[in-house]
Amino acid sequence: MDLRFTADELAFRDEVQQFFRIAVPADIRRKCVLGQRLSKPELQRWTRILFEKGWATPAWDPEWGGTGWSPVQQYIFKEELHMAPAPEPLSFNVNMIGPVLIAFGTDEQKRRFLPSIARLDYWFCQGFSEPGAGSDLASLRTSARLEGDHYMVNGQKLWTSTAHHAEWCFLLVRTDPNAKKQQGITYLLMDMRSPGITVRPIVTIDGHHETNEMFLENVRIPVGNRIGEENKGWDYAKYLLGNERSGIARVGISKMRVRRAKELARNIDAGGRPLSEDRGFRERVALLEIELKALEITQMRLISAAAPAGKPDPKSSILKMKGSELQQAAAQLLLETAGYEAMEFDRDFLRGAHSTPSPHDWALTIAPNHYFARHVSIVGGSNEIQRNILAKTVLGL
Amino acid sequence: MDFELTPDQQMITDGLQRLLAERYDFEHRKVHLFGAPGWSRDMWSRYAEMGLLGLPFAQSDGGLGCGPVETMIVSEAFGRALALEPYIPTVLLAGGCLRLAGTPAQRSDLVPRIAEGSELLAFAHVERQARYDLADVTTTAQRPTASADWTLNGAKSFVLHADTADKLIVSARVSGRQRDRSGLALFLVDSNAPGVARRAYVMQDGMRAADVTLSNVRVSSDALLGTAGNALPIIERVVDCTIAALCAEAVGAMTRAHELTVEYLKVRKQFGAPIGSFQALQHRAVDMLVMIEQARSLSMYATMMAEEADAKTRAQAISAAKSYVGRAGKLVGEQAIQLHGGIGVTEECAVGHYYRRLTMIDILLGDSAHHLAVVAASAD
Ligand SMILES: Cc1cc2nc3c(=O)[nH]c(=O)nc-3n(C[C@H](O)[C@H](O)[C@H](O)COP(=O)(O)OP(=O)(O)OC[C@H]3O[C@@H](n4cnc5c(N)ncnc54)[C@H](O)[C@@H]3O)c2cc1C
């Protein structure tokens with residue numbers, strides 16, 4: 001047993017750090033530091049920089065653009081990316097639809113979609129959830145009827161994040177209303193320019209518009225855009241949801257927030273001395289750092305135990321649960337650090353619509369990002385659902 | 001011990017709750033929130049008609065002569081409704097300074113107008129560098145001779161509802177250094193006076209505030225409240241009374257967020273059953289209830305101690321309450337969102353608005369970590 005990185009892994013980390021130091025455009029880095037949201041062109045610009053370097057899709061099969069890195073290298077890459085800080089490439093593309101296509105797509109589908117997905121020429125959104133199908137995703141009701149060479153799709157999706165940016169959507173639909181609920185589901189790729197799609201914005205607690213509701217009325221989707229077999233969509237969706245293990249805890253994001261809180265605290269006066277010297281503050285930082293260290297090691301343990309692809313260790317639910325809680329705790333630490341400074345609300349600044357340098361703009365996104373961090377324990381299988389999984393599969397209860 | 005409200009107090013509770021239920025539901029509130037000035041002038045006059053705006057002031061000054069219990073009742077009701085009006089700055093903060101330190105002339109001039117709703121005040125005390133240290137004031141007030149006008153210079157931040165205030169009560173240093181306990185004074189300043197500049201903004205919870213700069217602002221000697229140099233104990237009393245009110249407001253907000261959550265658990269179905277039938281969620285809702293009842297008890301305790309004459313005893317009690325209630329408010333708000341699932345993080349859903357207010361309440365006048373440190377430092 002040796003918890004330290006090997007010499008090769010350390011060299012790899014240096015290489016990655018070095019790359020992020022030069023490659024992240026200054027304006028984009030500034031937005032990340034300030035916690036502002038990126039525009040579509042900005043994320044495209046950054047994704048293409050990664051693509052040129054060959055690092056846009058590290059976890060993919062090397063035949064289709066993966067790097068062939070070990071799980072530990074992938075972990076190092078993710079963490080350094082978050083710490084740089086640099087934007088995370090679009091998860092829908094890189095972690096969700098890409099791997100599904102590689103595993104279950106036809107050669108033609110792979111050739112048609114994968115390069116555009118990797119370069120973010122195609123922006124995908126995820127059309128899974130519905131008003132009545134949240135935690136109980138398999139109860140989804142959006143219907144698709146086969147009519148000759150296309151499916152006719154009708155229904156309503158909810159929480160279709162970034163649908164307003166997207167060229168494509170990967171969609172779960174019900175093709176067999178009579179089968180057991182997991183068994184009548186099909187996985188389709190929908191061109192967002194198709195007639196019959198209405199996307200309506202949902203504004204979230206941070207005052208930002210990122211997610212949407214999406215109405216589908218007689219939308220025609222060619223059969224050629226089906227992934228795998230009809231009525232087998234649930235298997236592919238499960239593969240997708242369980243696929244992302246190396247970065248699910250997003251320890252790097254939490255570490256970056258803690259680091260930022262510590263930096264800020266050095267320049268914040270608390271009763272005549274820097275907040276960073278306040279004992280209570282230091283203890284709260286320490287508690288969080290201890291938990292993050294633990295999670296980092298737990299994560300390495302789980303990803304190093306070679307599990308066959310697509311069959312994640314059920315213990316990875318621990319990563320999702322704890323990772324989201326620590327992201328929230330780190331956001332809370334930042335808020336507490338800023339105190340009154342976090343009270344001003346500026347929707348446009350959060351959007352990155354203006355960034356007139358002001359002495360106070362360092363604090364403007366702290367509260368909205370802290371509010372929005374509540375969503376990380378709800379999405380991707382809520383923390384209650386993760387507990388159910390652990391109780392059932394690990395504890396056998 | 002007696003936990004009953006008097007018939008008069010019960011009347012205030014019933015009247016205000018009825019008014020807010022009729023005219024301050026989530027939809028009404030949204031109209032006020034997004035309109036100008038970000039709250040309702042109509043509601044403000046109704047509060048005035050009910051006597052709420054004159055509640056804590058002496059009858060001889062034109063108020064109702066009520067105490068912290070009435071303030072608690074009103075604040076709790078405002079918390080339930082997430083009322084946006086400038087009650088805290090006008091009646092409790094600036095009003096508190098006026099009540100405790102105002103000259104008879106100032107009180108007889110202003111209290112009747114506050115009570116009838118025609119005069120809005122703000123309390124310009126906190127400065128950016130001060131964080132939660134009430135003595136940390138760098139704004140200065142100087143005068144060449146004992147009878148001359150005062151000249152104020154400095155910058156105040158996060159001044160609640162200063163954007164619409166007619167008058168500001170400004171704290172300034174007449175002597176001593178940045179964090180000295182002595183040397184502070186309070187001044188009544190017209191918000192449109194030459195040299196006063198306001199940068200107005202919306203806060204995270206939708207309430208309004210402004211940063212205020214004072215550049216060579218001249219006020220006459222009768223603008224001084226109390227005696228120059230001894231304002232800090234007054235400020236501390238005012239802040240402690242306001243913290244007690246904030247605790248009550250938080251309890252109102254938590255209670256309502258919890259009710260909404262329990263209602264939702266009964267109607268939202270997943271896996272073919274109301275999610276409230278899952279024991280994991282039942283226990284969570286019960287944990288919230290326990291926290292709220294503990295917070296309610298401490299809010300009552302803070303109310304009881306708000307006018308305690310011994311400053312140290314009072315401060316300990318108030319800090320104890322604020323540290324617990326601040327934290328409980330956040331935890332209850334977080335769980336209210338969590339149990340709502342995705343809908344809980346949307347602008348359309350009320351619980352998120354409660355959470356945002358509860359988060360701001362935790363920060364206002366010192367967060368739970370700050371107040372916990374105060375209690376810990378004074379523990380025997
Ligand atoms: C900001 C945001 C972005 C999103 N983006 C997307 C997207 O792009 N595409 C997409 O398809 N979806 C997206 N989602 C949807 C997300 O996956 C769902 O919100 C999530 O699955 C939870 O479903 P729900 O919101 O309906 O909550 P519900 O399932 O109604 O849950 C409500 C509460 O009940 C609890 N609960 C439910 N079942 C159980 C149980 N059996 N035992 C114990 N507790 C239980 C939950 O944990 C939660 O606390 C997004 C959601 C949000 C908030």
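Just so we're clear, the structure is a prediction, and the values are computed from it rather than from any experiment.

## Some remarks on the domain arrangement of chain A
Reports of interface size often rely on the accessible area that becomes lost once the parts have come together. Residues and elements named next belong to chain A. In terms of domain boundaries, chain A breaks down into domain 1 (7-89), domain 2 (124-234) and domain 3 (247-394). Listed as interface residues are 16 residues of domain 1 and, on the opposing side, 27 residues of domain 3. In total, about 1,800 Å² of surface goes out of reach between domain 1 and domain 3, with carbon and sulfur atoms giving 52% of it. Ranking the residues of domain 1 by area buried against domain 3 places Arg37, Tyr75 and Met83 at the top, with a combined share of 34%. On the surface where domain 1 and domain 3 come into contact, there are three salt bridges. A salt bridge links Glu79 to Lys255, with the shortest nitrogen-to-oxygen separation between them at 2.7 Å. There are 11 residue pairs in polar contact (both at pLDDT 80 or more) connecting domain 1 and domain 3. Ranked by the residues each element gives to the side of domain 1 that touches domain 3, the list is headed by helix α4 (residues 71-83), at seven residues. The residue makeup of the side of domain 1 that touches domain 3, split by class, is seven nonpolar, three polar and six charged.

## Description of the pairing of strand β5 (residues 185-191) of chain A
Residue and element names in this part refer to chain A. With seven of seven residues buried, β5 lies mostly within the body of the structure. Going residue by residue along β5, you find Ile185, Tyr187, Leu189 and Asp191 tucked away on one face and Thr186, Leu188 and Met190 tucked away on the opposite face as well. Examined bridge by bridge, strand β4 (residues 168-174) and β5 share seven bridges and lie antiparallel to one another. Bridged to Trp168 within β5 is Asp191. Pairing analysis gives two bridges linking β5 to strand β8 (residues 226-227), with the strands arranged antiparallel. Residue pairing across strands places Leu188 opposite Arg226, the latter belonging to β8.

## Considering the domain arrangement of chain B
All names here are of chain B. Domain parsing of chain B yields domain 1 (7-119), domain 2 (122-230) and domain 3 (233-378). Distance from the C-alpha centre of domain 1 to the C-alpha centre of domain 2: 23 Å. If you look at the interface, domain 1 gives 25 residues, while domain 2 gives 20 residues. The contact between domain 1 and domain 2 buries some 1,600 Å² in all, and 64% of this surface belongs to carbon and sulfur atoms.

## Concerning the nonpolar core
Within the largest apolar cluster, 210 residues are counted, with the highest numbers of intra-cluster contacts made by Trp46 and Tyr187 of chain A together with Tyr47 of chain B. In terms of residue count, helix α7 (residues 232-267) of chain B provides more of this core than any other element does, 19 residues in total. Counting residues in hydrophobic clusters, the runner-up holds 23 residues, among them Ala185, Ala210, Val217 and Val219 of chain B.

## Considerations on the interface of chain A and chain B
At the interface, 46 residues of chain A touch 40 residues of chain B. Of the roughly 3,800 Å² buried between chain A and chain B, counting both surfaces, carbon and sulfur atoms make up 57%. For the chain A face of the interface with chain B, the top three residues by lost area are Ile205, Tyr340 and Met343 of chain A, together amounting to 22%. Applying the counting rule to chain A against chain B returns five salt bridges. Here Arg128 of chain B and Glu341 of chain A are joined by a salt bridge, their closest N and O atoms 2.5 Å apart. Remark: the boundary between chain A and chain B carries 27 residue pairs in polar contact (both at pLDDT 80 or more). Listed by contribution, the elements that provide at least two residues to the side of chain A that touches chain B are β6 (197-203), β9 (269-270), α10 (316-338), α12 (366-372) and α13 (383-394) of chain A. At five residues, the largest contribution of residues to the side of chain A that touches chain B is made by α10 of chain A. Of the residues that constitute the side of chain A that touches chain B, the class distribution is 21 nonpolar, 16 polar and nine charged.

## Points about the site of the ligand
Neighbouring the ligand are 27 residues; Ser135, Trp159, Ser382 and Glu384 of chain A together with Gln338 of chain B lie closest to it. At 2.7 Å from an oxygen atom of the ligand is found a main-chain nitrogen or oxygen belonging to Gln338 of chain B. Taking 980 Å² as the accessible area of the ligand by itself, protein coverage stands at 93%. Looking at the shell around the ligand element by element, the count peaks at three residues for α13 of chain A. When the residues that make up the shell around the ligand are grouped by side-chain class, the tally is 13 nonpolar, 12 polar and two charged.

## What to know about unusual backbone geometry
Residues Ala84 of chain A and Pro85 of chain A are joined by a peptide bond in cis, for which omega reads -15°. In this structure, Pro85 of chain A sits in the loop between α4 and α5 (91-104). Residue Pro37 of chain B follows Ala36 of chain B across a cis peptide bond; omega there is 0°. Within the secondary structure layout, Pro37 of chain B lies in the loop between α2 (26-34) and α3 (41-50). The backbone phi angle of Asn231 of chain A is positive, close to 70°, even though this residue is not glycine.

Criteria and cut-off values
- Residues numbered from 1 in each chain as written.
- Chains lettered and ligands numbered in written order.
- Predicted model: local features only at pLDDT ≥ 70, side-chain atom pairs only at ≥ 80, totals over all residues.
- Heavy atoms only, no water.
- Domains from an automatic or database assignment.
- Contact = heavy atoms within 4.5 Å.
- Buried area = accessible area lost by both parts, 1.4 Å probe.
- Salt bridge = Lys/Arg side-chain N within 4 Å of Asp/Glu carboxyl O.
- Polar contact = N/O pair within 3.5 Å; in protein donor to acceptor, adjacent residues only side chain to side chain.
- Helix = DSSP H or I, 4+ residues; strand = E, 2+ residues; numbered from the N terminus.
- Nonpolar A, V, L, I, M, F, W, Y, C, P; charged D, E, K, R; others polar.
- Buried < 20%, exposed > 50% of the residue type's maximum accessible area, 1.4 Å probe, protein only.
- Pairing = 2+ DSSP bridges.
- Core = buried A, V, L, I, M, F, W, Y, C linked by side-chain atoms within 4.5 Å.
- Near = heavy atom within 4 Å.
- Areas by Shrake-Rupley, 256 points an atom, 1.4 Å probe, with all protein chains shown as cover.

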